[in-house]
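Analysis of the macromolecular model
Letter by letter, the chains look like this.
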Amino acid sequence: MTHVQPSAHVPALWAVAYGPRHTTAVRFAARCLLRVRAFARELALADHVPFGGY
C-alpha cells in the first residue's frame, strides 16, 4: 500500500475513505483516489529531488 504523506491530506476524501458511514465500495474508491493523488504528487516532485528522481 502506498504511504500517503501528511501534506497530501485531503479532509473530504479522508472522511469518506475512513469514515464508517459509507459503503465499502465508496470507501475503496476514495482510498484509490487518495493513492492516485499521492502518486501524482510524488511524480510531480520527482524532478525537484536532487538524488535519484525518475
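Structure first, text after, so check above.
Residues numbered from 1 in each chain as written. Predicted model: local features only at pLDDT ≥ 70, side-chain atom pairs only at ≥ 80, totals over all residues. Heavy atoms only, no water.

Scanning the protein for helices and strands turns up 2 helices and 0 strands. For the protein, buried positions account for 19% of its 54 residues. Within the protein, contacts between residues at least 6 apart in sequence are counted, and of these 33% link residues at least 24 apart. Carbon and sulfur atoms form 67% of the exposed surface of the protein, whose accessible area is close to 4,200 Å². (Helix = DSSP H or I, 4+ residues; strand = E, 2+ residues; numbered from the N terminus. Buried < 20%, exposed > 50% of the residue type's maximum accessible area, 1.4 Å probe, protein only. Contact = heavy atoms within 4.5 Å. Areas by Shrake-Rupley, 256 points an atom, 1.4 Å probe, with all protein chains shown as cover.)

Let us now look at the packing of aromatic side chains. Geometry of an aromatic ring pair is reported as the spacing of the ring centres plus the angle between the planes. In this structure the tally under the stated criterion is 1 aromatic pair. Measuring from ring centre to ring centre gives 5.0 Å for tryptophan 14 and tyrosine 18, while their planes differ by 35 degrees; the resulting arrangement is tilted. A residue pair is termed a helical-turn pair when its members lie 3 or 4 positions apart in one helix, as tryptophan 14 and tyrosine 18 do in helix H1 (residues 11-18) at 4 residues. Taking relative accessible area as the criterion, tyrosine 18 reaches 40% and is therefore assigned partly exposed. (Phe/Tyr/Trp six-rings, centres within 6.5 Å; stacked < 30°, edge-to-face > 60°.)

Where H1 meets helix H2 (residues 24-45), the axes come as close as 7 Å, and the angle between the chain directions of the two elements is 140 degrees. In terms of orientation, H1 and H2 fall into the oblique class. Every pair of crossing elements has a handedness; the one defined by H1 and H2 is left-handed. Here H1 contributes Leu13, Trp14, Val16, Ala17 and Tyr18 to the contact with H2, which in turn contributes Val26, Arg27, Ala30, Arg31, Leu33 and Leu34. (Axes fitted to C-alpha atoms, helices over the stretch in contact; angles between N-to-C directions. Parallel < 35°, antiparallel > 145°, perpendicular 65-115°, else oblique. Left-handed = near helix turned anticlockwise from the far one by under 90°.)

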